[in-house]
Amino acid sequence: MQKVILLSVLYFVSFFAVATPIEILSDGGFEATTTKNTEWPIPLVSIGQWSGDGFSIVSAESGVNPLSGSGMYKFLGNNLIGGNHDTYQIIDVSAWATEIDAGTATIDYSAYFNSAGMVSGLGLSFWSLPAFSGSLSGYTTKLFDNFGNATDADESTWEQVSYTSISLDVNTRFVAFGLHSLTKNSGAYVDNASLTLNVASTEPQTPVPAPGVLSLFGLGLLVSAKRKKRQA
Ligand SMILES: [Ca+2]
Ligand SMILES: [Ca+2]
């Protein structure tokens, strides 16, 4: 009977041990970014860094406090890329090629916006790239919300924009995360950006007893040892 209970608990544990969310964005809280590549096309050396149109990392400003730490992103406009303000981070995901090509990898993607007074025309984008040569032209965007977001008029609140379970194309080796404002110097800020890669292992899962299961097992041994002692 004890064996049956133990085996069923082990099965339960292995069922929930499959998906592993991994944060792959660098400095999504805008606390460490000091240098900016304001070039277009985005240079290869900027992989893993915020790049594109000009921006500032600022502390509390115009009644808006950073959502985390002491820094937040501020849209500026030098109009390198079209008439909008666009900043990207390119991320190398080739380390997960096996899982991506198995068709099981997905992305969760979000950022918080805020401003002093309501600002509209804000957006996020996500790109799935088989290779990266320095330009995003020619690639299909997986998601571009077309500047459809707006902040409210309350500078004490941060408005979250989020998307979940976006599938990654087979052969994806780089992804791009985009922050967008329809107008330059829009007065909008961004903080706590996140890009999570969710991969399911292609290997069969080996059931691993959780600490609680081990205690239960230990308790079972203790009880049976005591019974044997009494019988002796
Ligand atoms: Ca921050
Ligand atoms: Ca707000």
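Owing to the predicted nature of the structure, the values given are computational and were not obtained by experimental measurement.

**Q** What's the story with the overall build of the chain in this structure? I'm lost.
**A** Scanning the chain from N- to C-terminus turns up three helices and eleven strands. Ordered by position from N to C terminus, the α and β elements of the chain give α-β-β-β-β-β-α-β-β-β-β-β-β-α. Buried residues in the chain amount to 28% of all 232 residues.

**Q** Whenever I open this one, the nonpolar core confuses me. Can you help?
**A** Generally speaking, nonpolar side chains in soluble globular proteins are found buried as a group. Among the nonpolar cores identified, the biggest contains 39 residues, and Y73, A111, F113, V175, A176 and V190 are the most heavily contacted of them. If you list the elements that add at least two residues to this core, you get β4 (72–75), β5 (85–92), β6 (106–115), β7 (122–129), β10 (174–181) and β11 (188–200). If one sorts the elements of this core by residue count, β11 sits on top with seven residues. When near neighbours in sequence (up to four residues on either side) are disregarded, V190 contacts M72, Y73, A111, Y112, F113 and L179.

**Q** What is the right way to read the sheet that holds β7 from this model?
**A** Whenever strands of a sheet pair, they do so through backbone hydrogen bonds, lying parallel or antiparallel. In spatial order, the strands read β2-β5-β10-β7-β8; together these five strands make up an open sheet with antiparallel pairing. Across the chains shown, the open sheet's two edge strands, defined by having one partner strand only, are β2 (50–52) and β8 (141–144). Across this sheet, the average inter-strand angle for adjacent strands is 25 degrees, counted without regard to direction.

**Q** Honestly, the environment of V190 in this entry has me stumped. Any pointers?
**A** The residue V190 is located in strand β11 in this model. For V190, a count of 24 C-beta atoms within 10 Å translates into the label buried. V190 sits 116 residues away from K74 along the chain, and the two C-alpha atoms are 6.5 Å apart.

**Q** Help me understand unusual backbone geometry, please; the structure alone is not making it clear to me.
**A** What you tend to see is this: most non-glycine residues have negative phi, and most peptide bonds are trans. At S165, a position not held by glycine, the phi torsion is positive, near 55 degrees. Relative to the helices and strands, S165 is located in strand β9 (residues 159–167). Classification of S165 as exposed rests on a count of 9 C-beta atoms within 10 Å. One non-glycine residue, N185, lies in positive phi territory at about 45 degrees. Note on placement: N185 falls in the loop between β10 and β11.

**Q** Help me out: how do you make sense of the pairing of β4 in this one?
**A** Consecutive side chains of a regular strand alternate in pointing toward one face of the sheet and then the other. Residue alternation in β4 divides its side chains into two sets, M72 and K74 and Y73 and F75, and both sets are buried. In this structure, β4 lies alongside β11, joined through two bridges in antiparallel fashion. Paired with Y73 across the bridge in β11 is V190.

**Q** Explanation requested: the environment of T34 in the structure shown.
**A** Locating T34 in the fold gives a position in the loop between β1 (19–23) and β2. In sequence terms T34 and W50 are 16 residues apart; their C-alpha atoms lie 9.8 Å from each other.

**Q** Which parts of the structure should I look at to understand the confidence of the model for the chain?
**A** Detailed conclusions should not be drawn from predicted coordinates in areas where pLDDT is low. On average, residues of the chain score 82 in pLDDT, and 76% of them reach the 70 mark or higher. The element-level mean pLDDT for the chain is lowest in helix α1 (residues 2–15), coming to 49, with β6 highest at 96. Taken together, the stretch residues 6–17 has pLDDT below 50 and engages in 15 contacts with residues farther than four places along the chain or on a different chain.

**Q** What should I look at first to understand the pairing of β7 in this one?
**A** Burial of β7 is extensive: six of the eight residues sit out of reach of the surface. By the bridge criterion, eight bridges tie β7 to β10 in an arrangement that is antiparallel. Along β10, the bridge assignment pairs S128 with V175. Examined bridge by bridge, β7 and β8 share three bridges and lie antiparallel to one another. Residue pairing in the sheet places S125 in a bridge with F144 of β8.

Calculation rules
All chains use their own residue numbering, which begins from 1 and follows the written sequence. Labels are handed out in written order, letters beginning with A for the chains and numbers beginning with 1 for the ligands. The predicted origin of the model limits local features to residues at a pLDDT of at least 70 and limits the giving and counting of side-chain atom pairs to 80 or more, whereas totals for whole chains, interfaces and linings rest on all residues. The numbering of helices and of strands both runs from the N terminus, where a helix is a DSSP run of H or I of at least 4 residues and a strand a run of E of at least 2. Using C-beta atoms placed from the backbone, we call a residue buried if 20 or more other C-beta atoms fall within 10 Å of its own, exposed if 12 or fewer do, and partly exposed for counts in between. Residues of type Ala, Val, Leu, Ile, Met, Phe, Trp, Tyr and Cys that are buried and joined through C-beta atoms within 7 Å form what is called a nonpolar core. Whether two residues are in contact is decided by their C-beta atoms, placed from the backbone, lying within 7 Å. Strand pairing follows a simple DSSP-based rule, namely that at least 2 bridges must link the two strands. Here an axis means a line fitted to C-alpha atoms, over the contact stretch when the element is a helix, while the angle between two N-to-C directions is reported on a 0 to 180 degree scale. Confidence of the predictor at the level of single residues is given by pLDDT, which spans 0 to 100.

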